[in-house]
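Here are the chains, one letter per residue:
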Amino acid sequence: METAATGSEESGAAEGPGEAAAGREDGGCQGLWELPVERCVRRAECGRCSRPRKVCLCPFFPVHPLKVSTCLYIIQHPAEESRVLRTVPLLAACLPGDKCKVLIGRRFGEERYPELATVCRNSSTLILYPGAEAADLEEVALIVPSPSTIIIIDGTWSQAKDIFYKNSLFRLPKQVQLKTSMSSQYVIRTQPTNTCLSTLECAAVALAIMEKNDGIRETILRPLQALCSFQLQHGAQIHHSKEHLLKNGLYDKPMPKNKRKLRRMELLVNNVKI
């Protein structure tokens, strides 16, 4: 009986290891529940450029949209739409709405895009895409009817190639390319070669040629320069081209096993146009 009574008292007073730990945790966390909860406040954004106000790009846009006769059609790969630091919105902010039209997609059939089909069949329409068959835009600009339209594909080089070759509409306009030694100022994104340009830079150079006004190029490049400057000031790193990295032994990614891709990288090192 005594043994039973003693055991009963001990079982009522003793705490198991789990209960003791829970008690310590409750006691240790008790004050935390009383702390005020800070609400997540989204940074104020500019209504025009959608950038945080501290790094707003609006002061770098032209006060009024540039007056140009040339119309741009930007064919944008869907993957570009979600990129934070894309250049097409900067380009569009510099031009009138009817002079910079953006179409997003991978495939552009005549039935779904009748307006684009009409544009592609117009003799004054050009498509900016480099290649053996592409003419120098500066030479074509002297003879093409005015006002003209230029189609530019926005995406990585592989995405642009896929769009160009798998859409028969884009084989209709005269194919042109830029012959310039200008290095890209879009230094926060890696380019294949030193002379590969972003969509905004291509448009800036092309419009300057078509409108015979170098000031247009400088005006359109200004917000891109500001964007890169802001990003570098806030921790971004300068991205050298793949060509630069390979030539200087700085390319730290595994070399491709695909022979075709490996051959392209060898051409980059040897400075052979691809």
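Residues numbered from 1 in each chain as written. Predicted model: local features only at pLDDT ≥ 70, side-chain atom pairs only at ≥ 80, totals over all residues. Heavy atoms only, no water.

Q: Before we go on, may I ask you to explain the sheet that holds strand 1 (residues 71-76) in this structure?
A: In any sheet, the strands associate via hydrogen bonds between backbone groups, in a parallel or an antiparallel arrangement. Sheet architecture is open: six strands sit in the order 2-1-5-3-6-4, paired in parallel fashion. Two strands lie at the open edges of the sheet, namely strand 2 (100-104) and strand 4 (135-136), each paired on one side alone. Where strand 3 (residues 125-128) and strand 5 (residues 149-154) come together, four bridges link them in parallel fashion. The partner of Ile 127 across the bridge, within strand 5, is Ile 151. Sitting on the sheet, helix 7 (residues 157-165) is in contact with strand 1, strand 3, strand 5 and strand 6 (174-177), with an inclination near 130 degrees to strand 5. Packed onto the sheet, helix 8 (residues 199-211) meets strand 1, strand 3 and strand 5 and runs at close to 165 degrees relative to strand 5. (Pairing = 2+ DSSP bridges. Helix = DSSP H or I, 4+ residues; strand = E, 2+ residues; numbered from the N terminus. Contact = heavy atoms within 4.5 Å. Axes fitted to C-alpha atoms, helices over the stretch in contact; angles between N-to-C directions.)

Q: How should I be thinking about the side chain of Ser 148 in this particular structure?
A: Here Ser 148 lies in the loop between helix 6 (137-140) and strand 5. Given the relative accessible area of 4%, Ser 148 is considered buried. Setting aside chain neighbours within four positions, we find Ser 148 in contact with Ser 69, Thr 70, Cys 71, Ser 124 and Met 210. (Buried < 20%, exposed > 50% of the residue type's maximum accessible area, 1.4 Å probe, protein only.)

Q: Just to check I follow, could you spell out the confidence of the model for the protein chain for this structure?
A: Per-residue confidence for the protein chain gives a mean pLDDT of 82, with 74% of residues at or over 70. Scored below 50 in pLDDT, residues 1-13 shows zero contacts in the model against residues more than four places distant or in partner chains. (pLDDT = per-residue confidence, 0-100.)

Q: Where do I start with the layout of surface pockets in this structure?
A: Where empty space is left becomes clear once a probe the size of a water molecule has been rolled over the atoms. Space inside the second largest pocket adds up to approximately 610 Å³. Along its surface, the second largest pocket is lined by 24 residues, and Ser 50, Arg 51, Pro 52, Val 55 and Val 84 are the ones closest to its centre. Mapped by element, the contributors of at least two residues to the lining of the second largest pocket are helix 4 (88-94) and helix 9 (214-233). When grouped by side-chain class, the residues that make up the lining of the second largest pocket number 13 nonpolar, three polar and eight charged. (1 Å grid on protein atoms, 1.4 Å probe; cavity = no way out; pocket = protein on both sides within 12 Å on 5 of 7 lines; lining within 4 Å. Points joined across faces, edges and corners; volume = space filled by probe spheres on them. Nonpolar A, V, L, I, M, F, W, Y, C, P; charged D, E, K, R; others polar.)

Q: Help me understand helix 8, please; the structure alone is not making it clear to me.
A: Turn by turn, an α-helix covers 3.6 residues, leaving residues three or four places apart pointing in a common direction. Between its first and last C-alpha atoms helix 8 spans 18 Å; for 13 residues at 1.5 Å apiece the expected length is 18 Å, and the two agree. Of all 13 residues in helix 8, 13 are buried, a share of seventy percent or more. Directly after helix 8, the chain includes Lys 212, whose backbone phi takes a positive value near 55 degrees. (Expected span 1.5 Å × (residues − 1).)

Q: Help me out: how do you make sense of the environment of Leu 232 in this one?
A: Following the sequence through the fold, Leu 232 ends up in helix 9. On the basis of relative accessible area, Leu 232 is assigned to the partly exposed category, the value being 31%. Sequence separation between Leu 232 and Val 187 is 45 residues; the distance between their C-alpha atoms is 9.2 Å. In this view, Leu 232 contacts Val 187, Ile 188, Gln 237 and Ile 238; residues no more than four positions away in its chain are not counted.

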